[in-house]
Structures are given as C-alpha cells and as structure tokens.
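Chain residues, written in single-letter form:
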Amino acid sequence: MINMLTAKDVEQAYERIHSYVHRTPLLTSRTLNEISNFQVFMKAENFQKSGSFKIRGALNFLLSMDERERERGVVTGSSGNHGQALALAGKMLGVDVKVVVPQDASPAKVAAIQGYGAKLERFGTSSTERLRRAQEISEREQRVFVPPFDHYWIMAGQGTVGLEILEQLDEVDAILVPCGGCGLIAGISTYVKERRPSVRIYGVEPDQSNSTYLSFKAGRRVELHNIQTIADGLRTASPGELTFPIVQRYVEDVLLVSEKEIAHAVVFLLERCKILVEPSGAVTVAAAMFGKVPSRNKKVVAVLSGGNVDKQRLTEIFAMS
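Note that this is a predicted model, so its numbers are computed, not measured.

A.B. asks: Lay out the sheet that holds strand β2 (residues 39–44) in plain terms, naming residues and giving numbers.
C.D. replies: Spatial ordering of the open sheet is given by β1-β2-β10-β7-β8-β9, a layout of 6 strands whose pairing is mixed. In this open sheet, the two strands that pair with only one neighbour each are β1 (26–27) and β9 (253–257). As paired strands, strand β8 (residues 200–206) and β9 are joined by 5 bridges and run parallel to one another. Within β9, the position partnered with Tyr202 by the bridge is Asp253. Relative to the sheet, helix α11 (residues 211–218) contacts β8 and β9, its axis offset from that of β9 by approximately 145°.

Now the structure itself:
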C-alpha cells in the first residue's frame, strides 16, 4: 500500500491496465465551441469498458492485490458505475465480486452489475450507508473491501485519464472533471500538475450535490445528507479523506451547475453530438455551455466520465431540458 500519490504511480497503473481498457478518444463539436467560446475537447470515457472511467481504478486495484487476496473475493459499495466496473474487472481476472447498491440504484447499472456475474445487495440510499454495509460484509466474509474512490490504487488508475489527455493534446489550458468522491479528479490532477503544471484543473458538481464545493470553500471536509440530483453518480456525501487533500493542493476551483443545465447538456450531447452521456458525465459540458468556466481558458478538455443511463431517467431528463 503506497502512502502518497505521484505521477509515477499513475504511470505504473497505466502499465498494468492499458491492455485491458480502451484508450478513449477526444471528441470535438463546432457547435459546442460556438456556444461556449472555448475550443472544447471531450474525453469520451462514456465509450470506456463498463461505460465509465471506473474500470481503470477497479482494474488497478485488483491487479495490485496479491493472489491470495484475490482468491478471497472483494466487496464494494457503489451507486452503480464503480460496482459495474469492479464486477467487470472481477470477471476479467477471475475474482468473485459482491456489490452493495442503494435502494434507488439505476436499473441499467444494476442490470449491468448482475450481467457481469457479481453478487448484489441493496441497502440504504446514502453513500455512507452502503459503504458501511460493504465494510461489514468484508469483515464477515473475509472479502477485501474495495473503496469506490478513497484509495491510492483507485486514484492512480483513474489518473490514467489525465495521462492519456496529455499524450493526446500538446497544449491544453484547463481540464474539467466531475466531482463525487474525488477519486477521478485526484488522480487526474496529480498526474497533470506534476507533468504539466501550467494546466488548470477545475472540478464540476451539481449545485444539489455540492459537498466538494462546500469542502473546498471551507477548507475541511463537509458532509451532506438527503442528496437529490439527476447526476446519480455524483451523489456522494463527502469527498474522500485521502482524495480531498489532493483537491486542495492541485485544483483551481470547483464549479457548480444546476439540474436544468445538466439536463440540457445531456440532451445537447445526444441530439447534436450523437453521444449518450449520463448526467454525472455531462456536468463538465454544462459548465462550458453555461458560462461557469473562467474565460482566460481557451483550450479546454471536458471529461465525459460515463454513459450509463436508463430509459426512464432519459425521459425525465428530456422533460427537464
């Protein structure tokens, strides 16, 4: 277990996982550029295996374990994407997986978790409840607990998104990253700021689930309760104990977008760009479209973190937009 995160850790993670994951493209849209007044490159992790960036961290975690630990099996708590990714990673590597999901988990994500062969349990509605339940199962069944974000192996795996961005673009002013537990932004910002310090990193959150924003402004971790947002992958009560100090060190600011702005971005991406992006992944495009990004940034990468959204939720999103 490493006790700090470095760009080297991200590079080592990429060596472990690159043969298992897709190198996702950077997409462009002339219309989005005109609307936002930026040159926007969309890092399409919605095209990633399991439908989100989460497979990177899940694979890096399992591949960093020793064989005896993998034989015991693993357990996690997840609103969907991390559980989906861990289930697929377990299937790839022959590791038994159990996932605790919230009672109101996305049907599409639940179906995918079960489709990959993982065991599933529904419990509670908050991230705190499901993670506590997963840790109880870990102790009872001697499974290894795999945190959804608050672990250096997870962060290193997610940071490979940033590694690919810098390899794909010679110049970039800013990278916009969705914030939930902050594993993705912690990994990306560590790699990018160590390798190209001039690049600014901005977190993006729904204003109805703004624990990272509040924590960032307060200088300490703030916990939310009763979170309601269409961006179900970002319904995290608080940024991680390990991830938050990295956010404080490397992140320029945390930007907020409304529910209507998120819905509008999802519909725009589907209708105009012909790509399906879940609300959690569309927050970065919403920030660019609705004037949330400081104008000094000209060349901007918006990380589209995932594309796992079910038909019922899409109907609601179209109605909101």
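From this point, the discussion proceeds with the structure in view.
A.B. asks: Report on empty space enclosed by the protein, specifying residues and quantitative values.
C.D. replies: Tallied over the full model, the rule gives 2 cavities of 30 Å³ or more. In this model, the largest cavity occupies a volume close to 350 Å³. Surrounding the largest cavity, 30 residues form its lining, Lys54, Gly180, Gly181, Gly233 and Thr236 being those nearest its centre. Of all elements in the fold, only α5 (81–93), α7 (127–141), α8 (152–158) and α10 (183–195) reach the threshold of two or more residues within the lining of the largest cavity. Partitioned by chemical class, the residues of the lining of the largest cavity number 11 nonpolar, 14 polar and 5 charged. Counted as a void, the second largest cavity has a volume near 40 Å³. Around the second largest cavity sit Ser106, Asp232, Pro279, Asn308, Val309, Asp310 and Arg313, which together line it. A class-by-class count of the residues in the lining of the second largest cavity yields 2 nonpolar, 2 polar and 3 charged.

A.B. asks: Go over the layout of surface pockets with me, naming the residues and quoting the values.
C.D. replies: Taking a probe equal in size to a water molecule and rolling it over the atoms shows the remaining empty space. Of the volumes computed, that of the largest pocket is approximately 440 Å³. Along its surface, the largest pocket is lined by 25 residues, and Asp104, Thr125, Ile227, Gln228 and Arg235 are the ones closest to its centre. Looking at the lining of the largest pocket, the elements that each hand over two or more residues are α7 and α15 (311–320). When residues of the lining of the largest pocket are assigned to their parent elements, the largest contribution, 4 residues, is made by α7.

A.B. asks: With reference to specific residues and values, describe the packing of aromatic side chains.
C.D. replies: A complete count under the given rule lists 1 aromatic pair for this structure. A centroid spacing of 5.1 Å and a plane angle of 75° characterise the contact between Phe61 and Trp153, whose relative ring orientation is edge-to-face. A residue pair is termed long-range when its members are at least 10 positions apart, and Phe61 in helix α3 (residues 54–64) and Trp153 in helix α8 qualify at 92 residues. We classify Trp153 as buried; its relative accessible area is 17%. The residue whose ring lies beneath Arg133 is Phe123, and the NZ or CZ to ring-centre distance is 5.3 Å.

A.B. asks: Could you give an account of helix α6 (residues 107–115), naming the residues involved and the relevant values?
C.D. replies: Every α-helix carries 3.6 residues per turn, so stepping three or four residues along brings you back to the same face. Residues of α6 that are buried: Lys109, Val110, Ala112 and Ile113. Projected down its long axis, α6 carries its buried residues within an arc of 165°, all on one side. Turned more than 90 degrees from where α6 packs its buried face, Pro107 and Gly115 sit exposed. Of the surrounding elements, those touching the buried residues of α6 are α5, β4 (97–101) and β5 (119–122). Phi turns positive one or two residues past the end of α6, at Gly117, with a value near 95°.

A.B. asks: Go over the side chain of Arg200 with me, naming the residues and quoting the values.
C.D. replies: Mapped onto the elements of the fold, Arg200 is located in strand β8. Despite its burial, Arg200 pairs with no opposite charge, the nearest such side chain being Asp173 at 4.9 Å. A polar side-chain atom of Arg200 sits 2.8 Å from a polar atom in the side chain of Asn297.

A.B. asks: Can you break down the environment of Ile317 residue by residue, with the values?
C.D. replies: For Ile317, the position within the fold is in helix α15. Among the residues examined, Ile317 registers a relative accessible area of 0% and is labelled buried. As for Ile317 and Thr212, which are separated by 105 residues in sequence, their C-alpha atoms are 24 Å apart. Those residues in contact with Ile317, other than ones at most four positions away along the chain, are Ile230, Ala263, Val266, Val267, Pro279 and Val309.

A.B. asks: Requested: an account of the pattern of salt bridges, with residues and values cited.
C.D. replies: When the charged atoms of two side chains with opposite charge come close together, those side chains can pair. Scanning all chains against the criterion turns up 19 salt bridges. The salt bridge partner of Glu167 is Arg23, with a shortest N-O separation of 2.9 Å. Pair noted here: Glu167 is in helix α9 (residues 160–168) and Arg23 is in the loop between α1 (7–17) and β1, with a separation of 144 residues, a long-range link. Across the pair Arg313 and Glu316 runs a salt bridge, and its minimum N-O distance is 3.1 Å. Residue Arg313 and its partner Glu316 are located together in helix α15, separated by 3 residues, close to a single helical turn. Given a relative accessible area of 19%, Arg313 falls into the buried group. The exposure class assigned to Glu316 is partly exposed, which follows from its relative accessible area of 35%. Linked by salt bridges that have partners in common, Asp96, Lys98, Lys119, Arg140, Glu141 and Arg143 make up one network.

Calculation rules
Every chain's residues receive numbers from 1 upward, in the order its sequence appears when written. Local features in this predicted model are restricted to residues whose pLDDT is 70 or higher, and side-chain atom pairs enter the listing and the counts only when it is 80 or higher, whereas totals over whole chains, interfaces and linings include all residues. Derived side-chain values reflect all non-hydrogen atoms in the structure, with water molecules and hydrogen atoms excluded from consideration. Strands qualify as paired when DSSP identifies two bridges or more between them. Put simply, DSSP marks the helices as runs of H or I at least four residues long and the strands as runs of E at least two long, and each gets a number from the N terminus on. When checking whether two residues touch, look at their non-hydrogen atoms; a contact exists if any pair is within 4.5 Å. In this analysis an axis means a line fitted to C-alpha atoms, helices contributing only their contacting stretch, and an angle means the value between N-to-C directions, from 0 to 180 degrees. Here a cavity denotes grid points, spaced 1 Å and computed from the protein atoms alone, that fit a 1.4 Å probe unable to get out, and a pocket denotes an open set having protein on both sides within 12 Å along at least 5 of 7 lines; residues with an atom within 4 Å of a point are the lining. Grid points are joined across faces, edges and corners, and a volume is the space filled by probe spheres set on the points. Ten residue types, Ala, Val, Leu, Ile, Met, Phe, Trp, Tyr, Cys and Pro, are classed as nonpolar, four, Asp, Glu, Lys and Arg, as charged, and the remainder, Gly among them, as polar. Aromatic pairs are defined between Phe, Tyr and Trp rings, using the six-membered ring for Trp, whenever the two ring centres lie within 6.5 Å; interplanar angles under 30 degrees are classed as stacked, those over 60 as edge-to-face, and all others as tilted. Exposed residues in this analysis have more than 50% of their type's maximum accessible area, buried residues have under 20%, and partly exposed residues fall in between, with area computed by a 1.4 Å probe over protein chains only. Each ring is checked for a lysine NZ or an arginine CZ that lies within 6 Å of its centre and within 35 degrees of its normal; such an atom marks a charge sitting over the ring. Throughout, the arc means the angular range of directions from the helix axis out to the C-beta atoms. We score Asp and Glu as negative and Lys and Arg as positive, and we do not count His or the chain ends. Think of a salt bridge as a Lys or Arg side-chain nitrogen and an Asp or Glu carboxyl oxygen that are within 4 Å of each other. In protein, a polar contact means a hydrogen-donor-capable atom and an acceptor-capable atom, both N or O and within 3.5 Å, with residues adjacent in sequence counting only if both atoms are side-chain atoms; elsewhere, any N or O pair within 3.5 Å suffices.

Purely geometric numbers; function is a separate question.
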